[in-house]
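Each chain is listed here by its residues.
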Amino acid sequence: MSGTLLTPQQLDAIGKAIAGTFKLEDFTAVLDRYTGHGDCAGYLPARAGECTMVVVTDTCLGEIKREGTLLPFLSRVVEHKWQDEKFRATIVERARALVRPALEKTPHVTVVVQALNELSGGLAVNPQAGTCQNGQTCTFVRDHRNPAQTGEIDRIVIALDQFEALKRLHDSLHILQVQGADWLDEGEAPSEPTLPLASLKAIVETIRRTANDVQGRVPEEANDICRHCLEIAIHAASALGSSDADQQAFALAELRLLVTEEPPRIDGCIFGLSRELPIKQLRGLLESAIGPGLPLDGKMQQAAESLDRVTEAMRANILEHALWQVTDIRIAEMARILANPGPGFLNDLSRVWRGVRQTLRTLVDAPEGGAPFMDAALNGAMVLYEAALPTLDTPAPSGPSPTERFGEIVTAFTEFRLKTRVHFLAVDQTLKLLFASLLPMRDALKTIRTRVPQNCACPP
C-alpha cells in the first residue's frame, strides 16, 4: 500500500482538491474507516479546528504517506464524496489504481481465512469450564460480538452475506440488460431480435427467482428494490407471453425502466455496506493473537498484512464497478438522445460524450500497437456529421448528407455500446467472484463467534 506511483504533481492536485472540498468532519470520517492505524489525534494538526483546510490536508496526507497507506486512504476519500463528480474525477484520474484493482486476490483471502480458522482452534478448548486458550482473543470477541455493545464481528458476518445477495440481484439485472439488448435498447426495433422470446422470458424468470431468494438477506434499504424486481418480473413474464402487442410493449418498457433504475440503487447499497464495514475491528481480531510467546504470532502478522491487501482490492473493485455504472448511465442517456434527436441533439450528445470519454480513459488502457481506442469510431462519426451540416452563405459540403452521417453515428454508437458492455460485464463478474471468495471469511467468523461462550470465564 504505497503512494510512490503518484508523482508530486499528482499528489499536489489531489491535495488541493481535498482541501477545497473536505471539512474537518470529513477527515474524521475517513480516518475512522480507512485500513491504517491513524486517528484524528495523531494525524491531524493540534487545534485542527483553528487551522485552514490546506494545513489540515497537508498534515494528514503527510502522516498517511509516512504510514504507507496513501491509496487505501484515498479510496476512502473518493467514496466519501462519491456524488461530487468533479472531485471524484480529479482524484481517480490522477490515481487510476483506485479504480484499477490488481488481478491477484485469492491467495491473500486464503491466508486470512486460514488464520481465522487457526484462531478459532485456540478458542473454547474447555467449554464446560468456560475458559479459552487465548484469553486475549476471547476478550476481543466478547467485546466486539455483542450487538448491545459494538457488534462489529456480527456486522462483518452480516455484511459479507449482504454483499453476496446484492451482487446476485445486480447480476440478474445486468444479464437482462446485456443479453436482452435487442428487445430493450431504445431505438432498436424488436421485430427480429437475436434473442428468442422464450430466452427473454427465462431471463426474466431468473430475476424473479433471485429477487425472491435474496429478499430476506439484503440490507433494509434494499427491500423495496427486491419487491420492485419481483413485481415487475412477475408481471412482465405474464405480459410477454400474451398475444396482445400492447401488453408486450408495456412489459418491455417496464423491464427497460427496471434495468435503468435498479442497478445504480443496488450499487449505492453495496457502496454503503463497503463504507461501513468495520475493517479495523477485523484486523484487531487478528492482532489480538499477535505478541511475544503467542503461538500464532507470525501467522497473524502475515494475515493482518494480507487483510490489508484484500480490503484494498475489494475497495478498488467496488469503486471500479461504481464508475462503470456511472458510465453505463451516461451511455444510456446517449442512446435516448439518438433515439429522439431534436434540432440541437449534437450539443446534448457531445456534452454527455465528453464525460463518457473522460471516464473510459481512466477505466480502460489504450490498446497496444497503435490500435484505435474504443471511442475512436464514434468520435470520428460525430466529427464527420458536424462537418456535413450546411452553414449560412456556404454551399452544402460534398460527400454524404447529414442524414447519412447520422446513420453512421448510430452504427458507431451501437458498436461502441456493445464494446463497453463487454468490459462492464467482465468487471461485474470479477466483483461477483471477489464477493464469493470472501464468503469463507464469513463462515470462519461465525465459527469464532460460536466458539466463545457468552459467559466466558477468561480473565478480562
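The rules behind the values
- Residues numbered from 1 in each chain as written.
- Predicted model: local features only at pLDDT ≥ 70, side-chain atom pairs only at ≥ 80, totals over all residues.
- Heavy atoms only, no water.
- Axes fitted to C-alpha atoms, helices over the stretch in contact; angles between N-to-C directions.
- Helix = DSSP H or I, 4+ residues; strand = E, 2+ residues; numbered from the N terminus.
- Parallel < 35°, antiparallel > 145°, perpendicular 65-115°, else oblique.
- Left-handed = near helix turned anticlockwise from the far one by under 90°.
- Contact = heavy atoms within 4.5 Å.
- Buried < 20%, exposed > 50% of the residue type's maximum accessible area, 1.4 Å probe, protein only.
- Phe/Tyr/Trp six-rings, centres within 6.5 Å; stacked < 30°, edge-to-face > 60°.
- Lys NZ or Arg CZ within 6 Å of the ring centre and 35° of its normal.
- Nonpolar A, V, L, I, M, F, W, Y, C, P; charged D, E, K, R; others polar.
- Core = buried A, V, L, I, M, F, W, Y, C linked by side-chain atoms within 4.5 Å.
- pLDDT = per-residue confidence, 0-100.
- Disulfide = S-S within 2.5 Å.

1. A closer look at the packing of helix α9 (residues 152-179) against helix α11 (residues 197-214)
Packed helices, taken two at a time, are described by the angle their axes make and the gap between the axes.
Here comes step 1: Running from N to C, α9 and α11 cross one another at 165 degrees; their axes reach a closest spacing of 9 Å. Taken together, the axes of α9 and α11 are roughly antiparallel relative to one another. In this structure, α9 crosses over α11, and the sense of that crossing is left-handed. In this structure, α9 contributes Ala165, Arg168, Leu169, Ser172, Leu173, Ile175, Leu176 and Gln179 to the contact, and α11 contributes Leu200, Ile203, Ile207, Thr210, Ala211, Asp213 and Val214.

2. A word on the environment of Asp171
Here comes step 1: Structurally, Asp171 is set in helix α9.
Here comes step 2: Judged by relative accessible area, Asp171 falls into the buried class, the value being 5%.
Here comes step 3: With 92 residues separating them along the chain, Asp171 and Pro263 place their C-alpha atoms 8.9 Å apart.
Here comes step 4: Dropping the residues within four chain positions of it, Asp171 is found in contact with Asp428, Gln429 and Lys432.

3. Re the packing of aromatic side chains
Here comes step 1: According to the stated counting rule, one finds 10 aromatic pairs in the structure shown.
Here comes step 2: Arranged with centres 6.0 Å apart and planes meeting at 35 degrees, the rings of Phe22 and Phe87 form a pair that is tilted. On the criterion of sequence distance, the pair formed by Phe22 in the loop between α1 (8-21) and α2 (24-33) and Phe87 in helix α6 (residues 85-94) is long-range, its members being 65 residues apart.
Here comes step 3: Centroid distance Phe163 to Phe435: 4.8 Å. Interplanar angle 20 degrees. Geometry classified as stacked. With Phe163 in helix α9 and Phe435 in helix α18 (residues 402-451), this residue pair connects regions lying 272 residues apart in the sequence. Both residues of the pair, Phe163 and Phe435, count as buried.
Here comes step 4: Taken together, the ring pairs in this structure connect Phe22, Phe27 and Phe87 into an aromatic cluster.
Here comes step 5: The ring of Trp82 carries Arg88 above its face, with NZ or CZ at 4.7 Å from the centroid.
Here comes step 6: Stacked on the ring of Phe373, the Lys or Arg Arg361 has its end atom at 4.1 Å from the ring centre.

4. Considerations on the packing of helix α12 (residues 223-240) against helix α13 (residues 245-276)
Here comes step 1: At their nearest, the axes of α12 and α13 sit 9 Å apart, and the two run at 160 degrees to each other. Accordingly, the angle class assigned to the pair α12 and α13 is roughly antiparallel. Here α12 runs over α13; the crossing is left-handed.
Here comes step 2: Considered class by class, the residues forming the contact of α12 with α13 number 13 nonpolar, four polar and five charged.

5. So, the nonpolar core
Note that soluble globular proteins tend to have their nonpolar side chains buried in a common cluster.
Here comes step 1: Of all hydrophobic cores here, the largest spans 138 residues; its most connected members are Ile18 and Phe73.
Here comes step 2: In terms of residue count, the dominant contributor to this core is helix α15 (residues 297-339) (16 residues).
Here comes step 3: Setting aside residues up to four positions removed in sequence, Phe73 forms contacts with Val30, Leu31, Tyr34, Cys60, Leu61 and Ile64.

6. Here's the deal with α2
Here comes step 1: Along α2, the residues classified as buried are Asp26, Phe27, Ala29, Val30 and Leu31.
Here comes step 2: Contacts made by the buried residues of α2 are with α1, α3 (40-43), α4 (53-67), α5 (70-80) and α14 (279-287).

7. Describing the confidence of the model for the protein chain
Here comes step 1: Mean pLDDT over the protein chain stands at 87; residues scoring 70 or higher make up 93%.
Here comes step 2: Averaged pLDDT values over the elements of the protein chain bottom out at 79 in helix α8 (residues 135-143) and peak at 96 in α1.

8. Notes on the state of the cysteines
Here comes step 1: Using the criterion set out here, one finds zero disulfides in the structure.
Here comes step 2: No disulfide involves Cys60; its sulfur sits 8.1 Å from that of Cys40, the nearest cysteine.
Here comes step 3: Take Cys226: it sits in no disulfide, and the sulfur closest to it among the cysteines is that of Cys229, at 6.6 Å.
Here comes step 4: By relative accessible area, Cys226 is classed as buried at 0%.

9. Describing the environment of Val214
Here comes step 1: Relative to the elements of secondary structure, Val214 occurs in helix α11.
Here comes step 2: When its relative accessible area of 0% is taken as the criterion, Val214 is described as buried.
Here comes step 3: Placed 110 residues apart in sequence, Val214 and Trp324 show a C-alpha to C-alpha distance of 24 Å.
Here comes step 4: With near-sequence residues (within four places) excluded, Val214 lies in contact with Ala165, Arg168, Leu169 and Cys226.

10. Topic: the side chain of His321
Here comes step 1: For His321, the position within the fold is in helix α15.
Here comes step 2: According to the relative accessible area criterion, His321 is buried, its value standing at 1%.
Here comes step 3: Setting aside its immediate chain neighbours within four residues, His321 contacts Lys167, His170, Asp267, Phe424, Val427, Asp428 and Leu431.

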